[in-house]
Amino acid sequence: VAVLRKMAAVAAMLAIVISGVLVMRSANGVKIIKSDSFYEGYKTAEPVKNAQSYADVQKAVSEILNEKSEAKDPQTVSDVNETAGNGVSDVQTTKNAADSFIKGYSAYVASVKKEIDSMSKFEPDGVAVYGDFKADIVKNDGEYLYIVSTVADAYTGDTVEQIKIVKADPNGAMENVSTVVLSEGAEIEECIEIYLKNNTLIAILNRYENAFAHASEISTVAVYYDISKPYAPLKIREHVQDGEYVSSNLYENRLCLVTAKTIPVENNSEGNEMIPSFSVNGKDIKLKAEDIFIAVNDPEASYLFVTVTDVSDFSKNTGCLAVLGCGRGIYCSASSVAVARNFVSVEADENGNYANLTEIYRFNINGSSIGFSGSYIARGALV
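Parameters at a glance
- Residues numbered from 1 in each chain as written.
- Predicted model: local features only at pLDDT ≥ 70, side-chain atom pairs only at ≥ 80, totals over all residues.
- Heavy atoms only, no water.
- Salt bridge = Lys/Arg side-chain N within 4 Å of Asp/Glu carboxyl O.
- Helix = DSSP H or I, 4+ residues; strand = E, 2+ residues; numbered from the N terminus.
- Buried < 20%, exposed > 50% of the residue type's maximum accessible area, 1.4 Å probe, protein only.
- Pairing = 2+ DSSP bridges.
- Phe/Tyr/Trp six-rings, centres within 6.5 Å; stacked < 30°, edge-to-face > 60°.
- Lys NZ or Arg CZ within 6 Å of the ring centre and 35° of its normal.
- pLDDT = per-residue confidence, 0-100.
- Contact = heavy atoms within 4.5 Å.

**Describing the pattern of salt bridges**
Now for step 1: Across all of its chains, the model carries eight salt bridges by this definition.
Now for step 2: Across the pair Glu238 and Lys235 runs a salt bridge whose closest N-O atoms are separated by 3.0 Å.
Now for step 3: Lys261 is the salt-bridge partner of Asp242, the closest N and O atoms lying 3.9 Å from each other. Here the residue Asp242 occupies a position in strand S9 (residues 234–242), and Lys261 occupies one in strand S11 (residues 254–262), the gap between them amounting to 19 residues.

Following this line, the structure appears as structure tokens:
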């Protein structure tokens with residue numbers, strides 16, 4: 001009887017597998033076999049919209065900033081699905097005249113964000129542990145060590161960021177052959193990661209506006225050095241990107257740099273000044289309107305700004321793309337970047353509860369170019 005039961009179980013399993021294979025072979029890729037009415041209240045088909053002009057971006061920024069400031073006002077008129085009209089911006093937000101409701105909603109959002117932040121430190125970064133594509137503060141090419149360090153300036157007392165290049169002799173002798181000074185001039189800079197690729201050393205730095213608060217950081221800098229002669233490293237390129245550093249990865253010859261550019265609520269700048277930009281060796285490059293995407297569902301007042309540089313051929317254009325209102329959960333692969341953004345549902349259910357939602361965006365990388373591939377919305381917060 002036991003043998004017959006085992007045989008019957010195996011036969012059933014084989015039947016399931018075979019039928020599954022037949023179904024997959026009959027389909028052209030993955031198909032949706034179930035739709036959830038829950039998602040119908042959200043713009044799932046188009047969680048982000050492509051800007052057509054700088055005016056579209058300015059309009060969306062103004063709406064987001066107004067909504068953030070109005071949410072603090074208990075007299076705000078209730079309007080949970082505000083539509084901007086014919087423009088590309090059509091953001092959803094939560095507003096209510098009841099002060100107690102606003103306080104309760106704000107407390108709920110704060111608790112959710114705190115819970116997510118507490119879990120994020122355990123979250124994998126989506127890349128393998130080994131290889132030159134992984135950033136660090138110490139690199140080794142088998143002959144030399146490249147070590148990020150700081151030292152106090154003998155005259156001013158200021159902290160100087162530097163990279164020491166140390167020759168590691170097989171017999172155990174160590175020699176500091178050269179030192180690359182990273183922080184120069186009046187800027188306050190902090191080297192956070194370095195990459196080593198063939199004869200190119202790349203230092204990633206946070207650049208601060210002043211020395212009093214890290215909250216004042218305004219840009220992220222990638223400085224490239226030719227180290228074909230370790231005794232005399234040569235600076236060959238400086239890439240300065242708007243926003244604070246979020247993440248980076250080096251796959252093959254492509255360096256992907258991700259930053260977050262926050263737009264202050266009190267910002268009254270013109271639209272063009274709100275457009276993300278970067279510079280290469282002092283030449284400023286502003287994103288085109290078609291390279292900017294606008295999140296629809298309760299967007300934040302910030303950009304997620306992504307650039308892709310071919311470190312083997314600097315003559316190629318740097319790929320760039322930004323999402324207005326996007327989050328900071330980044331997952332990289334050799335051919336794409338995925339971004340996850342957590343937010344709370346615009347509308348409450350029949351019990352007055354708000355749902356955690358996650359939007360996921362995918363950007364495909366081809367050479368040094370980057371393009372928007374698609375988006376998806378799922379119920380729940382990332383763990």
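**A few points about the pairing of strand S16 (residues 319–324)**
Successive side chains on a regular strand alternate, one facing one side of the sheet and the next facing the other.
Now for step 1: In terms of residue burial, S16 counts as a mostly covered element, since six of its six residues are buried.
Now for step 2: On S16, burial covers both faces: Gly319, Leu321 and Val323 on one face and Cys320, Ala322 and Leu324 on the other are all buried.
Now for step 3: Sheet analysis places strand S14 (residues 292–295) next to S16, joined by three bridges and oriented parallel. Following the sheet pairing, Ile292 is matched in S16 by Ala322.
Now for step 4: Taken together, the six bridges between strand S15 (residues 302–310) and S16 define a ladder with antiparallel strand orientation. Looking at S16, one finds that Tyr303 is bridged to Leu324.

**Thoughts on the packing of aromatic side chains**
Now for step 1: Counted by the stated rule, this structure contains four aromatic pairs.
Now for step 2: With a centroid separation of 5.7 Å and 65 degrees between ring planes, the pair formed by Phe363 and Phe372 is classed as edge-to-face.
Now for step 3: A relative accessible area of 27% means that Phe372 is categorised as partly exposed.
Now for step 4: Connected via pairs of aromatic rings, a cluster forms that spans Phe293, Phe363 and Phe372.
Now for step 5: Directly above the aromatic system of Tyr224 lies the positively charged group of Arg237, at a separation of 5.7 Å from the ring centroid.

**Observations concerning the confidence of the model for the chain**
Now for step 1: Taken as a whole, the chain shows an average pLDDT of 75; of its residues, 69% reach a score of 70 or greater.
Now for step 2: Looking across the chain, the model is least confident in helix H3 (residues 99–120), with a mean pLDDT of 52, and most confident in S9, with 95.
Now for step 3: Counting contacts from residues 30–41, a segment whose pLDDT is below 50, to residues more than four positions away or on other chains yields eight contacts.
Now for step 4: Between residues 119–131, whose pLDDT stays under 50, and residues either more than four places distant or in other chains, the model counts 18 contacts.

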